[in-house]
Amino acid sequence: MAGMTSLRRFAPLRWLGMVPFFAFTFLFLILPTLYIVFGAFRTPQGAFTFDNILALNTPSIRSAYWVSIKVSFMSALLGCLIGFAMAAAVTVGRLPRGVRNPLVTFSGVASNFAGVPLAFAFIATIGPAGLITAYLRTEWGINLRLLGFNLLSTKGLILTYLFFQIPLMILIITPALDGLKREWREAAAILGASGFQYWRSVALPILFPSILGTLALLFANAFGAVATAIALTGPSLNIAPILLYAQIRGDVLGSPNLGYALAFGMIVITGLANTVYIWLRARSERWLK
Amino acid sequence: MIRIWSWGALIIGMIYFILPLVGMTEFSLSMRRGEYSFDAYAVVLSDSQFQATFSYSVIMALFTIVFGVLLVVPTAYWVRLRMPELRPYVEFITLLPLVIPAIVVVFGYIRLYNTSSWLPMTGTALGTNILLMFGYATLSLPYMYRAVDTGLRAVDVGTLTEAAQSLGASWVTILARIILPNVLAAVLSGAFLTFAIVMGEFTMAALLDRPAFGPYMQLLGANRAYEPSALAVIAFAITWACMGLIQLVTRFTKHTRAQT
């Protein structure tokens, strides 16, 4: 302990060990972000202004945000529902024990299989010339295109995003489902509750913060995804990340500071979603620990 | 009854996951009309662009891993040993890359470190490569830090450090020969995940204009029919391999821990 106290006396030495980390994260994570944030509130000459933020209120930018929010929310919601059903099936659904570990392992892989290759997989499967599209057309005479389905659209984007949303939900919610104590179910049963009543009045209220928190996390996850959308639809689909991508490449908005404002808007949305997630996770840990 | 519902949910879910995998595999094998062949793979693998971008990304991944380990292991160790009061702040910073979209961070890079700035990193190819590597390091920071920090939890950092110090070890010796071997499994988990992230990353490399594997895949996808599926199969195999190695490493350490 003598060594420790002698070192404590030299407080600056303690801080020296943290310099590389703080220097790196400041220069290559925080400063670039702050630069964008401040840029959003500045004129090209450097004076303070709200004009950039107000200039976001054009039909095209509004619709880009709105479509992004819709796609992210729908993929998060469906991802939550389907992921929850699958996680519940392998934890409390009385399936053989051997099913669970492969599903969790697969979820680890699938949640990381995103970006460009994921888009390719869906194009090969259900794109205009994909496996399922061709099969339905030749064997059943069903033309998906005439039925209004097009992979290169918001619906297609949602369908594709689910491939990493569902596994993420499974990975996060499985431990929460494990946290449901058997005593609670037994206590409910002794008091005469049916399975449905147990879920409605005990299990779901306990799990609710976790589920809602994960919904927020999945939303942020989809909102920031750029690569899948670009590989799937090219620059044609008007969603916020693609618009920002085009803006960085070629200043399509015609004003660099409007570009900062667009990026700032994305930070605000993902930041809000993550705040909701962190807050709800803290709440859910009261019961599930 | 519950069991039927469970099987139903699981099977419908699995069909959703398996179909795209089957689709991309089937598509990648059907370049030759009427029969299955590995033609698409042959074309891709012999493409000099593929070889160049693939090896570029592998090298970038390795550098990112080395940099990440050098940054994260000493920091996580130091926080555990001397600065526990900083833990919430450090953890918060490491989670920021999950909050701030990568496209925003790289946007900031382009504006902050361009040729007319105080640190003109994008002026040279080497500078841009280093900048991209830093970008990858921030992307992998949440995973790397959490892995190493969890690994350190199982180690009595204070006692090990004092023992080493009383035998005259320097800080570098302590970190390299005592702490690192003890958290090697955690470091390897983080490293494999970093590898998978870097190999598939598109946004940062494309916007910094570096010849990485992600932008190459995107370019090929816009111009070819069968080759992209072959690339998707290769990318999926890389992801599987990385995740498999993480499982293996974790299982291996559990095994040795149980023996001691």
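This structure is a prediction, so every number in the text was calculated from the model and none was measured. (Residues numbered from 1 in each chain as written. Chains lettered and ligands numbered in written order. Predicted model: local features only at pLDDT ≥ 70, side-chain atom pairs only at ≥ 80, totals over all residues.)

## Concerning the overall build of chain B
- The helix and strand tally for chain B stands at 12 helices and 0 strands.
- When the helices and strands of chain B are placed in sequence order, the string is α-α-α-α-α-α-α-α-α-α-α-α.
- When its C-alpha atoms are laid out on the principal axes, chain B stretches across 75 × 65 × 35 Å.
- Each of the 260 residues in chain B was classed as buried or not, and the buried ones make up 48%. (Helix = DSSP H or I, 4+ residues; strand = E, 2+ residues; numbered from the N terminus. Buried ≥ 20, exposed ≤ 12 C-beta atoms within 10 Å, placed from the backbone.)

## Things to note about the overall build of chain A
- When helices and strands are tallied, chain A shows 14 helices and 0 strands.
- Each helix and strand of chain A, ordered N terminal to C terminal, gives the series α-α-α-α-α-α-α-α-α-α-α-α-α-α.
- Along the first, second and third principal axes, the C-alpha atoms of chain A reach 75 × 70 × 30 Å.
- Per-residue burial for chain A yields a buried fraction of 43% across its 289 residues.
- Of the contacts made within chain A by residues no fewer than 6 positions apart, 76% connect residues no fewer than 24 positions apart. (Contact = placed C-beta atoms within 7 Å.)

## Quick look at the environment of Ile53 of chain A
Residue and element names in this part refer to chain A.
- Here Ile53 shows up in helix H4 (residues 51–55).
- Taking the C-beta count within 10 Å as the criterion, Ile53 has 17 such neighbours and is therefore assigned partly exposed.
- Residues Ile53 and Asn257, 204 residues apart in the sequence, show an inter-C-alpha distance of 9.3 Å.
- Not counting residues within four places of it along the chain, the set of residues in contact with Ile53 comprises Ala40 and Ala261.

## Examining the confidence of the model for chain B
Residues and elements named next belong to chain B.
- The share of residues in chain B with pLDDT of 70 or more is 97%, and the mean pLDDT across the chain is 88.
- Averaged over each element, pLDDT in chain B is lowest for helix H12 (residues 227–259) (80) and highest for helix H3 (residues 48–81) (93).
- Confidence metrics for the complex model read pTM 0.87 and ipTM 0.88. (pLDDT = per-residue confidence, 0-100.)

## Examining the environment of Phe92 of chain B
Residues and elements named next belong to chain B.
- Within the secondary structure, Phe92 is located in helix H4 (residues 87–99).
- A count of 11 C-beta atoms within 10 Å places Phe92 in the exposed class.
- Between the C-alpha atoms of Phe92 and Pro142, which are 50 residues apart in sequence, the distance is 9.4 Å.

## What to know about the interface of chain A and chain B
- With 59 residues of chain A in contact, the opposing surface of chain B contributes 64 residues.
- With 11 residues, the single largest contributor to the side of chain A that touches chain B is helix H3 (residues 19–40) of chain A.
- Of the residues assigned to the side of chain A that touches chain B, the class counts are 41 nonpolar, 16 polar and 2 charged. (Nonpolar A, V, L, I, M, F, W, Y, C, P; charged D, E, K, R; others polar.)

## Description of the packing of helix H11 (residues 195–223) of chain A against helix H14 (residues 256–284) of chain A
Residue and element names in this part refer to chain A.
- Orientation of H11 relative to H14, taken along the N-to-C sense of each, is 155°, at an axis distance of 8 Å. One way to sum up the angle between H11 and H14 is to call them roughly antiparallel. Read as a crossing pair, H11 and H14 show a hand that is left-handed. Where H11 abuts H14, its residues Pro209, Ser210, Leu212, Gly213, Ala216, Leu217, Phe219, Ala220 and Phe223 lie against Ile269, Thr270, Ala273, Asn274, Val276, Tyr277, Leu280, Arg281, Arg283 and Ser284. (Axes fitted to C-alpha atoms, helices over the stretch in contact; angles between N-to-C directions. Parallel < 35°, antiparallel > 145°, perpendicular 65-115°, else oblique. Left-handed = near helix turned anticlockwise from the far one by under 90°.)

## What about unusual backbone geometry?
Residues and elements named next belong to chain B.
- Residue Asp209 is not a glycine yet carries a positive backbone phi of 65°.
- Within the secondary structure, Asp209 sits in the loop between helix H10 (203–207) and helix H11 (213–223).
- Residue Asp209 is classed as partly exposed on the basis of its 14 C-beta neighbours within 10 Å.

## Some thoughts on the environment of Ser229 of chain B
- Within the secondary structure, Ser229 of chain B sits in helix H12.
- For the pair Ser229 of chain B and Ile246 of chain B, spaced 17 residues apart in sequence, the C-alpha to C-alpha distance is 26 Å.
- Setting aside anything within four residues of it in sequence, one finds Ser229 of chain B in contact with Phe120 and Ala124 of chain A together with Met24, Phe27, Ser28 and Ala40 of chain B.

## Thoughts on the confidence of the model for chain A
- For chain A, mean pLDDT is 85; residues scoring 70 or higher make up 95% of the total.
- Of all secondary-structure elements in chain A, the lowest mean pLDDT belongs to helix H1 (residues 2–9) of chain A, at 49, while H3 of chain A reaches the highest, 93.

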